[in-house]
Amino acid sequence: MDTSDEWIRVRSGIQERRYAESGQGSTDLGVIAARAAIAKAGLGMADIDAAIFATMTPDHVLPGNGPLLQAALGLRTDLPTFDLRQQCSGFLYGLELADLLIQSGRYRRVLLVGAEVHTGFMPWHLGWDTLIGQSTRAITEAERAENTLSRDRTVLFGDGAGAMVIEAREGVAGLLKTRLFTDGSGAGVLTMPGVSFKRRPFVTAEQIQTGETLPVMSGKEVFKSAVTLMPQAVREVCAEAGVAVEDLDLVLVHQANLRIIEGVQKALGLPPEKVPHNIERYGNTTAATLPILFHECLEDGRLQPGMLVAFTALGSGLHWGATLYRA
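Engineer: Is there a simple way to think about the pattern of salt bridges in this case?
Structural biologist: Charged atoms that come close allow side chains of opposite charge to pair. Tallied over the entire structure, the rule returns 15 salt bridges. Among the ionic pairs, Arg199 bridges to Glu212, the shortest N-O distance being 2.8 Å. With Arg199 in the loop between β6 (190-191) and α8 (205-209) and Glu212 in the loop between α8 and β7 (216-217), this residue pair connects regions lying 13 residues apart in the sequence. Taking the relative accessible area as the measure of exposure, Arg199 reaches 32% and is therefore partly exposed. Taking relative accessible area as the criterion, Glu212 reaches 21% and is therefore assigned partly exposed.

Engineer: What's the story with the packing of helix α9 (residues 219-241) against helix α10 (residues 258-268) in this structure? I'm lost.
Structural biologist: Packed helix pairs are specified by the crossing angle of their axes together with the interaxial distance, meaning the distance between the axes. Between α9 and α10, the least distance of the axes is 9 Å, while the angle of their chain directions is 40 degrees. Overall, the two elements α9 and α10 adopt an arrangement that is oblique. At the point where α9 passes α10, the crossing takes the right-handed sense. Packed against α9, whose contacting residues are Phe223, Ala226, Val227, Met230, Pro231, Val234 and Arg235, the element α10 presents Arg259, Ile260, Gly263, Val264, Ala267 and Leu268 at the interface. Considered class by class, the residues forming the contact of α9 with α10 number 10 nonpolar, one polar and two charged.

Engineer: Whenever I open this one, the pairing of strand β8 (residues 250-253) confuses me. Can you help?
Structural biologist: Consecutive side chains along a regular strand alternate between the two faces of the sheet. The alternating pattern of β8 places Leu250 and Leu252 and Val251 and Val253 on opposite faces, both of which are buried. Relative to strand β9 (residues 308-315), β8 runs parallel, the two sharing four bridges. Bridge assignment links Leu252 to a residue of β9, and that residue is Phe311.

Engineer: How should I be thinking about the packing of aromatic side chains in this particular structure?
Structural biologist: Here the distance between the centres and the angle between the planes together describe a pair of aromatic rings. Tallying each qualifying case throughout the model produces five aromatic pairs. Each ring, one from Phe294 and one from Phe311, has its centre 5.8 Å from the other, and the planes form 35 degrees; the classification is tilted. In this pair, Phe294 sits in helix α12 (residues 289-299) while Phe311 sits in strand β9, placing the two residues 17 residues apart along the sequence. Phe311 gets classed as buried once you look at its relative accessible area, which sits at 2%. In this structure an aromatic cluster arises from ring pairing among Phe294, Phe311 and Tyr325. Above the ring of Trp7, the side-chain terminus of Arg151 is found at 4.7 Å from the ring centroid.

Engineer: For this particular structure, what's the right way to read unusual backbone geometry?
Structural biologist: Most peptide bonds are trans, and most residues other than glycine sit at a negative phi. For the bond running from Leu62 to Pro63, omega is 0 degrees, close enough to zero to count as cis. Looking at where Pro63 falls in the secondary structure, it is placed in the loop between β1 (50-54) and α3 (65-73). Note the cis peptide between Gly317 and Leu318, where omega equals -10 degrees. Tracing the backbone through its elements, the reader meets Leu318 in the loop between β9 and β10 (319-326). Positive phi, close to 50 degrees, is recorded for Val195, a residue that is not glycine. Of note in this structure, Thr286 is not a glycine but carries a positive phi near 50 degrees. With respect to the element layout, Thr286 can be found in the loop between α11 (279-282) and α12.

Engineer: Explanation requested: the packing of helix α2 (residues 26-40) against α3 in the structure shown.
Structural biologist: Close contact between α2 and α3 brings their axes to 10 Å; oriented N to C, the two are set at 50 degrees. Judged by the angle between their axes, α2 and α3 are oblique. Crossing hand, α2 versus α3: right-handed. From α2, Ser26, Thr27, Gly30, Val31, Ala34 and Arg35 reach across to α3, where they touch Asn65, Leu68, Leu69, Ala72 and Leu73. Of the residues contributing to the contact of α2 with α3, the split by class is six nonpolar, four polar and one charged.

Engineer: Explain α3 to me, please; I cannot follow it from the model alone.
Structural biologist: Because the α-helix completes a turn every 3.6 residues, residues three or four places apart line up on one side. Within α3, burial applies to Asn65, Gly66, Leu69, Gln70 and Leu73. The buried residues of α3 all sit within an arc of 140 degrees when viewed along its axis, so they share a single face. At its buried positions, α3 is contacted by α2, β1, β2 (81-84) and β3 (109-116). In the stretch just after α3, Gly74 is the one whose phi turns positive, near 75 degrees.

Engineer: Mind showing me how you'd approach empty space enclosed by the protein here?
Structural biologist: A water-sized probe rolled over the atoms picks out the places where empty space is left. Per the stated rule, a full pass over the model turns up one cavity of 30 Å³ or more. In this structure, the largest cavity spans a volume of roughly 40 Å³. Lining the largest cavity are His118, Phe121, Met122, Arg153, Thr154, Phe157, Leu214 and Pro215. By residue class, the composition of the lining of the largest cavity is five nonpolar, two polar and one charged.

Reading the values: the criteria
Residues numbered from 1 in each chain as written. Predicted model: local features only at pLDDT ≥ 70, side-chain atom pairs only at ≥ 80, totals over all residues. Heavy atoms only, no water. Salt bridge = Lys/Arg side-chain N within 4 Å of Asp/Glu carboxyl O. Helix = DSSP H or I, 4+ residues; strand = E, 2+ residues; numbered from the N terminus. Buried < 20%, exposed > 50% of the residue type's maximum accessible area, 1.4 Å probe, protein only. Axes fitted to C-alpha atoms, helices over the stretch in contact; angles between N-to-C directions. Parallel < 35°, antiparallel > 145°, perpendicular 65-115°, else oblique. Left-handed = near helix turned anticlockwise from the far one by under 90°. Contact = heavy atoms within 4.5 Å. Nonpolar A, V, L, I, M, F, W, Y, C, P; charged D, E, K, R; others polar. Pairing = 2+ DSSP bridges. Phe/Tyr/Trp six-rings, centres within 6.5 Å; stacked < 30°, edge-to-face > 60°. Lys NZ or Arg CZ within 6 Å of the ring centre and 35° of its normal. Arc of directions from axis to C-beta. 1 Å grid on protein atoms, 1.4 Å probe; cavity = no way out; pocket = protein on both sides within 12 Å on 5 of 7 lines; lining within 4 Å. Points joined across faces, edges and corners; volume = space filled by probe spheres on them.

Spelled out as structure tokens, the structure:
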């Protein structure tokens with residue numbers, strides 16, 4: 001497409017992305033992450049009492065990814081699975097749901113997965129196989145021109161997955177407070193007009209040809225909402241918990257765009273080291289960004305026991321919010 005490495009870095013901060021193999025879906029990636037999380041928790045499949053799968057890129061319209069995850073992992077059949085469609089805020093909403101399920105007293109351990117394979121949106125039939133070395137054929141000028149029409153979105157997204165096991169424990173550590181919000185008046189800011197059951201049929205060749213099966217985004221509106229609403233949510237959840245924003249050790253922001261992450265950091269008045277990012281290596285992996293970033297901070301020592309952490313995200317809906325966590 002008509003773009004450059006510099007154009008992408010300046011606008012998004014993204015340098016690399018990961019793409020799943022053809023035929024590999026978000027459930028497949030979620031299974032890998034879930035197995036690793038359960039093993040790291042020192043548990044077995046029989047120890048899981050409920051599972052939540054957050055994704056905007058499910059393997060199928062139906063069924064959801066929850067039952068596919070249950071079957072692939074060999075989880076017990078006497079447990080429920082939940083499918084969340086809060087897009088970029090999916091994992092944040094999943095944390096709240098997991099916390100409430102445990103507080104109900106009916107479930108002790110909940111598996112939460114956030115996984116995405118965005119490559120299904122991308123125009124692979126227009127020469128992207130050449131881009132990643134799977135083909136040597138030349139890309140035509142017509143393909144290049146069509147790819148360029150969606151460059152503001154296709155350069156942003158990567159594929160990935162993360163998972164956590166959330167369980168009831170005694171002590172001061174754990175999920176402390178959550179504030180979640182929805183404003184449907186902003187639904188048109190980030191949406192996908194095609195593949196709609198309001199239409200008959202719900203998908204046509206024309207929709208594909210005109211790009212209606214790609215997400216449509218008002219970048220300026222998304223940026224404005226993100227740098228305003230995420231800091232606001234963090235302040236509110238801190239106030240509710242009786243802590244100051246400056247007392248936060250880490251703020252893990254949904255990895256949508258480096259400029260947004262920097263905007264949130266400045267709005268909160270925090271130093272850059274308290275607002276880590278990895279979008280430069282993965283792009284936007286939607287529901288997977290928060291658990292991937294959490295895992296990396298845990299692995300490299302940036303997250304230590306006793307630290308106070310805020311998770312925050314904003315996504316299509318609009319859905320947004322923040323959660324406080326004591327490590």
